[in-house]
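Results of the structural survey
Each chain, written out:
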Amino acid sequence: MRYDRQIILPEIGEEGQKKLQEAKVLIVGVGGLGSPIALYLAGAGVGCLGLVDDDLVSITNLQRQVLYSEKELGKPKAICAAERLSALNSEIEIHPYAARLTKDNAYDIIQEYDIVVDGCDNFATRYLINDICIEQKKPYVYGAICGFEGQVSVFNYGNQKKNYRDLYPDEEEMQRMPPPPKGVMGVTPAIVGSIEATEVLKIICGFGDVLAGELWTIDLRTLQSNKFSL
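In this text the structure is predicted, and so the values were computed from the model without any measurement. (Residues numbered from 1 in each chain as written. Predicted model: local features only at pLDDT ≥ 70, side-chain atom pairs only at ≥ 80, totals over all residues. Heavy atoms only, no water.)

**Notes on the UniProt feature "transmembrane region" (unreviewed entry) in the chain**
The positions that UniProt labels "transmembrane region" (unreviewed entry) are, in the present scheme, residues 25-52. Structurally, residues 25-52 is divided into 39% helix and 32% strand, and its ends, taken at the C-alpha atoms, are 11 Å apart. (UniProt positions renumbered as here; feature names shortened; annotations may be inferred. Helix = DSSP H or I, 4+ residues; strand = E, 2+ residues; numbered from the N terminus.)

The following block contains the structure:
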């Protein structure tokens, strides 16, 4: 009964639901992007979710990070997120990692999962995820936001082996760039994160056209969206 409304979709069906139950997905960052990603993947019945985040819940998060409440201020996001998702769906496994993804731990953590989803906010972590996903032959669902704008792509998937370095080839230059402005509307990560979650579901269940080798962008001020080939 829990999954009835998606099982009746021909793209999912009972076979697709079984694939979701058997899937293991790692979400790196459970903030603005990670909140909708985690909520919708948990709701859909993805059998095992890993949550990586070393941050604590702060009052400024609550405008957009809908996993958390005022009662959780000052507590580790990964732990709070795991509790919230378990309350949403007690049938799935959730593994919180209250730590930053680094060169020391990334290989071992990513090795335990089928797909890695980007909810982070810095270039260094994205290059790290990208390179390990290439090494381990795992799809990397990428997303990024700024203000009213966002973008999503899928790297290292299927016959299309484009990766994050095809989008941003000069790592040193990207690392030298000043941090982007922190201003963001709460709905921006909600929409972009939901698109990332959709790509994960498509990969697991095998329906639709995955954004492999393509970059999807949106500007919420105009609702202009585009897809570009990488």
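The rest of the description comes next.
**Section: unusual backbone geometry**
Phi at Lys-137 is positive, roughly 60 degrees, even though this residue is not glycine. Summarising the element assignment, Lys-137 is placed in the loop between α6 (123-136) and β5 (140-146). Unusually for a residue other than glycine, Asn-156 sits at a positive phi of about 60 degrees. The class for Asn-156 is buried, based on a relative accessible area of 10%. (Buried < 20%, exposed > 50% of the residue type's maximum accessible area, 1.4 Å probe, protein only.)

**Structural notes on the packing of aromatic side chains**
Scanning the entire structure with this criterion turns up eight aromatic pairs. Considering the side-chain rings of Tyr-142 and Tyr-164, the 5.4 Å spacing of their centres and the 55 degrees angle between planes classify their relative orientation as tilted. Of this pair, Tyr-142 sits in strand β5 while Tyr-164 sits in helix α7 (residues 164-167), and the two are 22 residues apart along the sequence. Look at Tyr-164 and you get buried, because its relative accessible area is 0%. One aromatic cluster in this structure is built from Tyr-127, Tyr-140, Tyr-142, Phe-155, Tyr-164 and Tyr-168. (Phe/Tyr/Trp six-rings, centres within 6.5 Å; stacked < 30°, edge-to-face > 60°.)

**Some thoughts on the UniProt feature "domain: THIF-type NAD/FAD binding fold" (unreviewed entry) in the chain**
Under the present numbering, the feature "domain: THIF-type NAD/FAD binding fold" (unreviewed entry) in UniProt falls on residues 3-227. Within the segment residues 3-227, helix and strand shares are 38% and 19% respectively, and the terminal C-alpha atoms sit 31 Å apart.

**Describing the sheet that holds strand β3 (residues 93-97)**
Pairing between sheet strands relies on hydrogen bonds along the backbone, with the strands arranged either parallel or antiparallel. As summarised here, the arrangement of the eight strands in space is β3-β2-β1-β4-β5-β6-β7-β8, forming an open sheet in which the pairing is mixed. Here the strands that pair on one side only, and so sit at the sheet edges, are β3 and β8 (224-229). Put simply, the sheet's adjacent strands are angled 15 degrees from each other on average, direction ignored. With five bridges connecting them, strand β1 (residues 24-28) and strand β2 (residues 48-52) associate as parallel partners. Bridging across to β2, Leu-26 finds its partner in Gly-50. Packed onto the sheet, helix α3 (residues 34-44) meets β1, β2 and β4 (115-118) and runs at close to 165 degrees relative to β1. Contacts between helix α4 (residues 77-88) and the sheet are confined to β2 and β3, with β3 contributing the most and set at about 170 degrees to the helix. (Pairing = 2+ DSSP bridges. Axes fitted to C-alpha atoms, helices over the stretch in contact; angles between N-to-C directions. Contact = heavy atoms within 4.5 Å.)

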